[in-house]
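Summary of structural features
So you can see what is in the structure, the chains are spelled out below.
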Amino acid sequence: MTVEAYMAACNAHYYATRDPLGAAGDFTTAPEISQMFGELVGACLADCWQRAGAPANAIYAELGPGRGTLAADALRVMRKAGFGGEVHFVETSAALRQAQGERVKGAQWHYGIADLPPAPLLLVANEFIDALPVRQWTSGAERKVAMENERLVFTDCGEIREDSPERDAAIAAVASHLAGNGGVVLVIDYGHGHSAQGDTLQAVKGHRFSDPLADPGEQDLTAHVDFEAAARAAKAKGALVSGPVTQGEWLKRLGIGQRAQSLIATNPDKRHDVEQAVDRLCGKDEMGELFKVMAIRSARWPEPAGFAP
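Calculation notes
Residues numbered from 1 in each chain as written. Predicted model: local features only at pLDDT ≥ 70, side-chain atom pairs only at ≥ 80, totals over all residues. Heavy atoms only, no water. Helix = DSSP H or I, 4+ residues; strand = E, 2+ residues; numbered from the N terminus. Rg over C-alpha atoms; globule rule 2.2 N^0.38 Å. Buried < 20%, exposed > 50% of the residue type's maximum accessible area, 1.4 Å probe, protein only. Contact = heavy atoms within 4.5 Å. Areas by Shrake-Rupley, 256 points an atom, 1.4 Å probe, with all protein chains shown as cover. Lys, Arg positive; Asp, Glu negative; His and termini not counted. Charge placed at Lys NZ, Arg CZ, Asp CG, Glu CD. Expected span 1.5 Å × (residues − 1). Arc of directions from axis to C-beta. Pairing = 2+ DSSP bridges. Salt bridge = Lys/Arg side-chain N within 4 Å of Asp/Glu carboxyl O. Polar contact = N/O pair within 3.5 Å; in protein donor to acceptor, adjacent residues only side chain to side chain. Phe/Tyr/Trp six-rings, centres within 6.5 Å; stacked < 30°, edge-to-face > 60°. Lys NZ or Arg CZ within 6 Å of the ring centre and 35° of its normal. Core = buried A, V, L, I, M, F, W, Y, C linked by side-chain atoms within 4.5 Å.

Describing the overall build of the protein
A tally of helices and strands in the protein yields 10 helices and 16 strands. Taken over the C-alpha trace, the protein has a radius of gyration of 19 Å; the compact-globule value for 309 residues is 19 Å, and the two agree within 12%. Counting only C-alpha atoms, the protein reaches 60 × 50 × 40 Å along its principal axes. For the protein, the residues scored as buried account for 54% of the 309 residues in total. Intrachain contacts of the protein at a sequence separation of at least 6 include 76% that bridge at least 24 residues. Here the protein displays about 13,500 Å² of accessible surface, and carbon together with sulfur accounts for 50% of that area. Seen as two clouds, the 30 positive and the 40 negative side-chain charges of the protein have centres 5 Å apart.

Here we look at helix α10 (residues 271-282)
Compared with an ideal rise of 1.5 Å per residue, which puts 12 residues at 16 Å, α10 spans 16 Å between its outermost C-alpha atoms and is within 8% of the ideal. Turning to α10, its buried residues number three or more, namely Val274, Ala277, Leu281 and Cys282. Burial along α10 is one-sided: seen end-on, the buried residues are contained in an arc of 105°. Looking at the buried positions of α10, the neighbouring elements they touch are α2 (30-33), α3 (35-51), α8 (247-254) and α9 (256-266).

Regarding the environment of Leu75
Tracing the sequence through the fold places Leu75 in helix α4 (residues 69-80). Sequence separation between Leu75 and Ile33 is 42 residues, and the spatial gap between their C-alpha atoms is 17 Å. In this structure, Leu75 is in contact with Tyr60, Phe83, Val87 and Val104, ignoring residues within four places of it in sequence.

Description of the sheet that holds strand β9 (residues 161-163)
Strand order in the open sheet formed by three strands is β6-β5-β9, and the pairing between neighbours is antiparallel. Of all the strands in the sheet, the pair left with one neighbour each is β6 (141-142) and β9. For strand β5 (residues 135-138) and β9, the ladder comprises three bridges, and the chain directions are antiparallel. For Gln136, the partnering residue across the bridge sits in β9 and is Glu162.

Some details on helix α6 (residues 165-181)
In this model, α6 (17 residues) spans 24 Å end to end at C-alpha, consistent with the 24 Å of a helix rising 1.5 Å per residue. When α6 is considered as a whole, its buried residues turn out to be Arg167, Ala170, Ile171, Ala172, Val174, Ala175, His177 and Leu178. Of the residues one or two after α6, Gly182 is the one with positive phi, at around 90°.

Some thoughts on the side chain of Asp189
Note that Asp189 resides in strand β10 (residues 183-192). Of the side chains with opposite charge, Arg167 comes closest to the buried, unpaired Asp189, at an N-O distance of 7.0 Å. At 3.3 Å, the side chain of Asp189 and the backbone nitrogen of Ile129 are in polar contact. Within the structure, the side chain of Asp189 is placed 3.2 Å from the backbone nitrogen of Asp130, a separation counted as a polar contact. Excluding residues that lie within four positions of it along the chain, Asp189 makes contacts with Glu127, Phe128, Ile129, Asp130, Val225, Phe227, Leu290, Phe291 and Lys292.

Comments concerning the packing of aromatic side chains
A full pass over the atoms with the stated rule returns five aromatic pairs. Taken together, a centroid distance of 5.0 Å and an interplanar angle of 90° make the contact between Tyr14 and Tyr15 edge-to-face. Its relative accessible area of 0% is what places Tyr14 among the buried residues. In this structure Tyr15 comes out as partly exposed when scored by relative accessible area, which is 21%. Looking at Arg97, its charged tip hangs above the ring of Tyr111, at a distance of 4.3 Å from the centre. Over the face of the ring belonging to Phe154 we find Arg143, whose NZ or CZ atom lies 3.9 Å from the ring centre.

Re the nonpolar core
Val41, Leu45, Tyr60, Met78, Leu122, Trp250 and Leu281 are the most contacted members of the largest nonpolar core, which totals 46 residues. Ranked by residues supplied to this core, first place goes to α3 with nine residues. Residues contacting Val41, with those up to four places away along its chain left out, are Leu70, Val124, Leu186, Ile188 and Trp250.

Any functional reading would require information that these geometric values do not contain.
See the structure below:
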């Protein structure tokens, strides 16, 4: 089968059968590192919503919201800013839906982006599109996964080029929604700002990198996001795009340093934990450089904070 089909089948089983987050899982996302991450996402969305005229029918939405941690932290800030809209999650995992419902009361669930209601969106996609399947090409032929001597192998290991029709379709879907209804989307993920050749398919199991062909369906398969391709898909539907900027720079512009000092002042015994969280989120050798933030917005909405120097 193609790499695209293999990745899709593995991740469909993987996410349907477990909660992959936390120390007992396979990986940890930014919202699980510190409340500061979700709070600053919420502040960014609330500010953009207010400058757009604070439409009463706007909704908070999230693609693949994990345990609901980011949503809970973001909405705490947004509610204080006057946002009273509904909460909508695009999530297919029953296990994760249960966790999300415990953290965010009144949430409504959908199986796809097209199912979101026709209303202005305040949408977050944090570490979502990296898990959508990629195609790999070598010498003009699509790379495949085959069985050889009772083990899985790639059919070709030459110079590799990747693309992802499913990612492009997801970005196009949210951009089309924005064009018709207004709103803004924050895409936060790891990847590269410009399209380039190379094999970025990777697997993570037990917080360690693993062989992507080992234990199909029992480990997290992802690939680096091509933000240039994502921007093209959004612009093709009439949306405006800001960024990408590095996650570290974006969080610093939004005031993570000040928020950290506020938390330390309130809880002096937590200084080390707070400072360590800032380093993990913003440090060049941690998530700060590899992770990027891109905003997609309706032409009628203002640019969100954090993208202009």
